[in-house]
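So the chains spell out like this:
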Amino acid sequence: MAGKVGARIKRKEDPRLLTGNGYFSDDIQLPGMLHAAILRSPHAHALIKSINIEKALEAPGVVAIYTGKDLEGKIGRIPSSWLIPGSNLKEAPQYPLAIDRVRYVGDGVVLVIAEDRYGVRDVLDLIEVDYEFLPVSVRQKEAMQENAPLVHDDIENNIAFHWKAGEVPDEEIEEAEVVVRESFNVQRVAPSPIETRAAIGQYNPGNGELTLWCTSQNPHIHRMVLSEVLDISEAKLRVIAPDIGGGFGGKIGVYPDEALIGYAARDLKQPVKWIEERNEHFSAANHGRDEIIDVELAGTRDGKLTAIRVKNTANMGAYLSTFGPGVPTIDFGLMITGAYDIPKAACETFGVYTNTTSTDAYRGAGKPESTYQIERMIDLFAREIGMDPVELRRKNFAKKEDFPFTNAQGLVYDSGDYEKPLNKALEILDYKKLREEQEALRNEGKLVGIGFSTYVELCGFGPSAVAGAIGFQGGVWENATIRVHPSGKVTVFSGTSPHGQGHNTTFSQVVSDKLGIPLEDIEFVFSDTKAVSMGWGTYGSRSVAVGGGAISIAADRIIEKAKKIAAHELETSVEDIEFEDGVFKISGVPGMERKFVDIAKSANYAWNLPEGVEPALEAQAFFDPENFVYPFGTHIVVAEVDKDTGQIELKRYIAVDDVGRVINPLTSEGQVHGGIAQGVGQAMWEGIVYSDQGQLLSGSFMDYTMPKARFFPTIETAFTETLSPVNQLGAKGIGETGTTASIAAVMNAVVDALQPYGVTDVEMPLTPEKIWNIIQTGGENDDTI
Amino acid sequence: MEEVNVTVTINGKKRSAKVEPRMLLTHFIRDSLSLTGTHIGCDTSQCGSCSVMVDGHVVKSCTLLAVQVDGSEIITVEGLGTVQNLHPMQKAFWEEHGLQCGYCTPGVMMAAIGLLQENLEPSDEEIREGLEGVICRCTGYQFIVSAVKHAAALMAEEKQVVGEGR
């Protein structure tokens, strides 16, 4: 059975999903089930003068209508779970429905419950809400100005928090030989899983148990938070995440809507189902990014970087979402030096309330932004001193011999060898030849650019003590139980919560190698708080590094106990027992052996166990890693800009990633592709747009450009393996590396292509109109074109 | 609202249900006939997750009313193949890792079957163009393209009639 880890194995979860046998939230049908719909604010900022539900109450099939006032004191406020210490954080209370004032387009106003799915939508149209408009604050920098309209009256200048890490004195910048300054706008985007959010509540009045199925990446966090919001014991609240149609961070948050559905099911003592519509998802589900990043990078003329100073002004939306405050601070600000040994660094972040949808973690959460700024700055610096961008990178990389490497902000990178993936990627690209071709093409008037991103990412959340120190309201250890049945088949319970990543397969490979049993003998239970005692879910590329680490330890405990039983049966001492490929044997004595299935049976029957050994064969492990993990790599983009239309074509995309041990190359490549698609999407097409009045102008797939198949070239992937010392598997996270790396790679390529026009920065997304305008205005005085 | 009777042959079986005239085909399939393999992703006919075959053509089932397909023959993902006997398209998606969360997958496979109906030997570029009507957020499409290519080869090998249920 050995050799499963590292093998290209097709996924165990697929036959079910491929044949229409998945079980997603909307597939759930319960007897007597009612349907919910939420009337949302069409205005960015307004007082609710009155709500008239008279006509709505008479509509056929209406069961209940709740306004914010009806629920006052009955459902608690929805808290943020990441309260950054030392940042003067002011958390504005968010209630499940707006009470007297709406603060963004999409803010919930009225909850309607009716007998059928179409009927409940009709009822929304019969409700009259009288609003009195208030002035709005939409863009973060304006919202911080004196006299800007306040989103929350008692929060001065709309500043939710002000966080600082590191010091760089002015003279470090001012007296440096070279200083490069740039301001980047990392625009707001929507995570956009193809399955929208959903919640189904079912209450049992007999025992007071409330079951809530919801589209959560972290059902135990949902249980923890909602038990308080709904004032119900954690022991009586069961949260289940069924099959989830993608998350990307958008399903981390504990939302008002989930609390509403749980409340209504309990109040009405009937099951209630809420399925979010796509336009509702665009306005009411968390967005990502929306950060304005001002950077100063100092160094010497010969290319030694000496200091970096960054200011991030982050648009948090109307309320602080579950993980929201951690993204532009901890996740971003401690990683601003990227893969480089820059001795001095400082980051200052303002989190700003505005009349927009809340922002929270989106694939990469802070790391795509930190990578974007440093990788763009490296290119700008290289250009300033006339050095090849690859050479500047090499010159400033944290050196292989310096690992574990402490960056200027105090984070300790677990393992790394940054030259390795860079060299491999350059080999695939044939860099020297391509630079020569680029020059020749430029002379012919063709705009080709090469962009690099030699990223490092912080992931694998993580050590719980550190989580506490950075204000995370919970732990981030992981939990695994392996239960060996009498037949030798096993069920594994994990506190991670997959939603497309393929945990069942990856984790089975780990267990199969450990216990020497076939993949098909291993089943998994995830995402049900009644079945899995505790866990912290799936985000921050933590599942393999932390969840897999826990599974690996639990497997060791199974083997340890099984060895005792085998030794007893073989009448020898435990020290003499060897376990290999599913067989316990006495070293040097052929024929004296017990198979894993034999021990499974004897442990469970317990007819003849050694003294002090309890019956059954089950082990649980709680793994709290001592550090995060830091995957790294090199992504290279070759882009060509069409001068006449402003269209950009990605000619090549090369990704060489080092994520420690690659457990399954097939699913790992899939993660890399998907991550890249989302980063390239941000760079080139995607963007949530608000009008100055706070109207959401990109509220459907008709207005928001979702990348399609024809938008992408074939991505060339490869891996190098530098193991992590943090977990038994040597594995790091892979889910977010693609997104983290790709934004900068694309942008560097396009800016490089536009170099003949003297362009140093282009704002994302790279719409053809924007590029065409640059060419039209910038090219006039350039006689090479 | 007065309900009307709609009868279809779906995955080879004749099924009837009384529905509101405004009911979308996609809800008819999912809620009235309890075939939940077909999914809804966008409400505005962009994502293609709800794609099914109606009388041999691939259709986004959110673009039709149930009453419009009265008397039609429909194939959904449940009619393609079973776990024990996968349709070549399903087999190819499995082997090439053409899915991650699996939500868009039934619709994407239907769209791909429609594509192969027109062209049994598509190039990568033709596949990418041909999948214009579907959105996948997980895969970055690369392994979907490999899967469709692989499916074309498998179908040619097995002389599988495109879109025929098993």
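Residues take numbers from 1 onward in each chain, read along the sequence in its written order. For naming, the first written chain is A and the first written ligand is 1, with later ones following in the order written. Since the coordinates come from a predicted model, pLDDT governs what is reported: local features require at least 70, and pairs of side-chain atoms require 80 or more to be given and counted, while whole-chain, interface and lining totals use all residues. Side-chain descriptors were evaluated using all non-hydrogen atoms of the structure, hydrogens and water having been removed beforehand.

## Some details on the packing of aromatic side chains
Two aromatic rings from Phe, Tyr or Trp, using only the six-membered ring of Trp, form a pair when their centres are within 6.5 Å; if the ring planes differ by under 30 degrees the pair is stacked, by over 60 it is edge-to-face, and anything between is tilted. Enumeration over the complete set of coordinates arrives at 30 aromatic pairs over all chains. Residues A:Trp477 and A:Phe622 carry aromatic rings whose centres are separated by 5.6 Å and whose planes lie at 80° to one another, so their mutual orientation is edge-to-face. Here the residue A:Trp477 occupies a position in the loop between helix 15 (464–469) and strand 19 (478–484), and A:Phe622 occupies one in strand 25 (residues 617–623), the gap between them amounting to 145 residues. The buried label goes to any residue with under 20% of its type's maximum accessible area, the exposed label to any with over 50%, and the partly exposed label to all in between, with areas taken from a 1.4 Å probe on protein chains only. On the basis of relative accessibility, which here comes to 48%, the residue A:Phe622 falls in the partly exposed class. The ring of B:Trp94 is capped by A:Lys10, whose NZ or CZ atom sits 4.2 Å from the centre of that ring. Two conditions define a charge sitting above a ring: the NZ of Lys or the CZ of Arg must be within 6 Å of the ring centre, and it must be within 35 degrees of the ring normal. Here A:Arg197 stacks its cationic end above the ring of A:Tyr255, 3.9 Å away from the centre of that ring. Numbering of helices and strands runs from the N terminus; a helix is a DSSP stretch of H or I covering at least four residues, while a strand is a stretch of E covering at least two.

## Here's the deal with the interface of chain A and chain B
Here, residues are in contact when the closest pair of their heavy atoms is within 4.5 Å. Contacts between the two partners involve 56 residues from chain A and, on the opposite side, 51 residues from chain B. Summed over both partners, the accessible surface that disappears when two parts come together, traced with a 1.4 Å probe, is what is meant by buried area. For the chain A face of the interface with chain B, the top three residues by lost area are A:Leu18, A:Tyr118 and A:Ile194, together amounting to 18%. Any Lys or Arg side-chain nitrogen located within 4 Å of an Asp or Glu carboxyl oxygen qualifies as a salt bridge. Taken together, the connections running from chain A to chain B amount to seven salt bridges. Between B:Asp31 and A:Arg117 there is a salt bridge, with the nearest N and O atoms lying 3.1 Å from each other. In the analysis that follows, any N or O atom pair within 3.5 Å is treated as a polar contact, provided that within protein one partner can donate a hydrogen and the other can accept it, and provided that, for residues neighboring in sequence, both atoms belong to side chains. Linking chain A with chain B are 26 residue pairs in polar contact (both at pLDDT 80 or more).

## Examining the environment of A:Lys399
All names here are of chain A. Inspection of the secondary structure assignment puts Lys399 in the loop between helix 12 (389–396) and strand 16 (405–406). Residue class for Lys399 comes out partly exposed when judged on its relative accessible area of 34%. For the pair Lys399 and Asp341, spaced 58 residues apart in sequence, the C-alpha to C-alpha distance is 8.1 Å.

## Considering helix 12 of chain A
Residues and elements named next belong to chain A. What helix 12 keeps buried is the set Pro389, Val390, Leu392, Arg393 and Asn396. Along helix 12, the residues classed as buried sweep out an arc of 160° about the axis, all on the same side. Where helix 12 is buried, its residues contact strand 14 (305–317), helix 11 (367–385), helix 13 (419–429), helix 14 (431–443), strand 18 (447–456) and helix 20 (737–753). Measuring from the backbone nitrogen of Val390 back to the side-chain oxygen at the start of helix 12 gives 2.7 Å, which picks out Asp388 as the cap. When we speak of the arc, we mean the arc of directions from the helix axis to the C-beta atoms.

## What to know about the UniProt feature "domain: Aldehyde oxidase/xanthine dehydrogenase a/b hammerhead" (unreviewed entry) in chain A
UniProt positions are given in the numbering used here, feature names are shortened, and annotations may be inferred rather than shown by experiment. If you check UniProt for "domain: Aldehyde oxidase/xanthine dehydrogenase a/b hammerhead" (unreviewed entry), the listed places come out as residues 19–135 of chain A in our numbering. Counting secondary structure, residues 19–135 of chain A comes out at 15% helix and 30% strand; the distance between its end C-alpha atoms is 52 Å.

## Considering the side chain of A:Ser724
Residues and elements named next belong to chain A. Residue placement: Ser724 occurs in the loop between strand 28 (715–719) and helix 20. There is a polar contact of 2.7 Å between the side chain of Ser724 and the side chain of Asp414. Discounting residues that sit within four places of it in the chain, Ser724 has contacts with Asp414, Ser415, Val629, Gly730, Ala731 and Lys732.

## Observations regarding empty space enclosed by the protein
All names here are of chain A. Cavities and pockets are found on a 1 Å grid laid over the protein atoms alone: a cavity is a set of points where a 1.4 Å probe fits but cannot escape, a pocket is an open set with protein on both sides within 12 Å along at least five of seven lines, and a lining residue has an atom within 4 Å of such a point. Grid points are joined across faces, edges and corners, and a volume is the space filled by probe spheres set on the points. This model, assessed by the stated rule, comprises seven cavities of 30 Å³ or more. Quantified by volume, the largest cavity comes out at close to 660 Å³. Taken together, 45 residues form the lining of the largest cavity, with Gln501, Ser541, Gln671, Gly735 and Glu736 sitting closest to its centre. Sorting the residues of the lining of the largest cavity by element identifies helix 10 (327–333), helix 16 (503–515), helix 17 (543–569) and helix 19 (665–684) as the ones contributing at least two each. Gly is put with the polar residues, along with every residue not named as nonpolar or charged; the nonpolar set is Ala, Val, Leu, Ile, Met, Phe, Trp, Tyr, Cys and Pro, and the charged set is Asp, Glu, Lys and Arg. Here the lining of the largest cavity is composed, by residue class, of 18 nonpolar, 20 polar and seven charged. Taken as a whole, the second largest cavity encloses approximately 180 Å³ of empty space.

## Examining the pattern of salt bridges
A pair can form between side chains of opposite charge whenever their charged atoms are brought close. Across all of its chains, the model carries 51 salt bridges over all chains by this definition. One salt bridge in this structure joins A:Arg8 and A:Glu669, with 3.0 Å as the shortest N-O distance. Taken together, the residues A:Arg8 in the segment before helix 1 (14–18) and A:Glu669 in helix 19 connect sequence positions 661 residues apart. Its relative accessible area of 47% is what places A:Arg8 among the partly exposed residues. One network of salt bridges, with partners in common, ties together A:Asp26, A:Asp27, A:Arg117, A:Lys273, B:Arg30 and B:Asp31.

## Some thoughts on the sheet that holds strand 24 (residues 593–595) of chain A
Residue and element names in this part refer to chain A. The strand order across the open sheet built from three strands is 22-23-24, with neighbouring strands paired in antiparallel fashion. Strands with a single pairing partner mark the edges of an open sheet, and in this sheet they are strand 22 (577–580) and strand 24. Adjacent strand axes in the sheet meet at a mean angle of 20°, parallel and antiparallel pairs treated alike. As paired elements, strand 23 (residues 583–586) and strand 24 share three bridges and run antiparallel to each other. By the bridge assignment, Phe584 is partnered in strand 24 with Arg594. Lines fitted to C-alpha atoms define the axes here, with helix axes fitted over just the stretch in contact, and angles between the N-to-C directions of these axes take values from 0 to 180 degrees. Against the sheet, helix 17 engages strand 22, strand 23 and strand 24, with an angle of about 130° to strand 22. Here the rule is simple: two strands pair whenever DSSP picks up at least two bridges between them.

## Description of the layout of surface pockets
Space inside the largest pocket adds up to approximately 1100 Å³. Together, 48 residues line the largest pocket, and A:Arg121, A:Glu277, A:Asn279, A:Glu280 and B:Asp43 are the ones closest to its centre. If you list the elements that add at least two residues to the lining of the largest pocket, you get strand 1 (34–40), helix 4 (117–124), strand 6 (128–133), strand 12 (272–275) and helix 9 (278–284) of chain A together with helix 1 (25–32) of chain B. With six residues, strand 1 of chain A is the single largest residue contributor to the lining of the largest pocket. Its residues assigned to classes, the lining of the largest pocket comprises 22 nonpolar, 13 polar and 13 charged.

## What to know about the domain arrangement of chain B
Residue and element names in this part refer to chain B. Segmentation of chain B into domains returns domain 1 (4–78) and domain 2 (88–158). Note that domain bounds follow an automatic or database assignment of domains. One C-alpha centre belongs to domain 1, the other to domain 2; they are set 21 Å apart. Contacts between the two partners involve 17 residues from domain 1, matched on the other side by 16 residues from domain 2. Between domain 1 and domain 2, a total of about 1100 Å² is buried, with carbon and sulfur atoms accounting for 60% of that surface. Remark: the boundary between domain 1 and domain 2 carries zero salt bridges. Taken together, the links from domain 1 to domain 2 amount to five residue pairs in polar contact (both at pLDDT 80 or more). Only strand 3 (51–54) and strand 4 (57–60) provide two or more residues apiece to the side of domain 1 that touches domain 2.

## Regarding unusual backbone geometry
Residues and elements named next belong to chain A. Cis geometry marks the peptide bond from Phe461 to Gly462; its omega dihedral reads -20°. Within the secondary structure, Gly462 is located in the loop between strand 18 and helix 15. Residue Met764 is joined to Pro765 through a cis peptide bond whose omega torsion reads -10°. Here Pro765 shows up in the loop between helix 20 and helix 21 (768–778). Positive phi, normally seen in glycine, also occurs at Ser192, with a value near 55°. Structurally, Ser192 is set in the loop between strand 8 (178–186) and strand 9 (198–204). Accessibility expressed as a relative area gives 1% for Ser192, which makes it buried.

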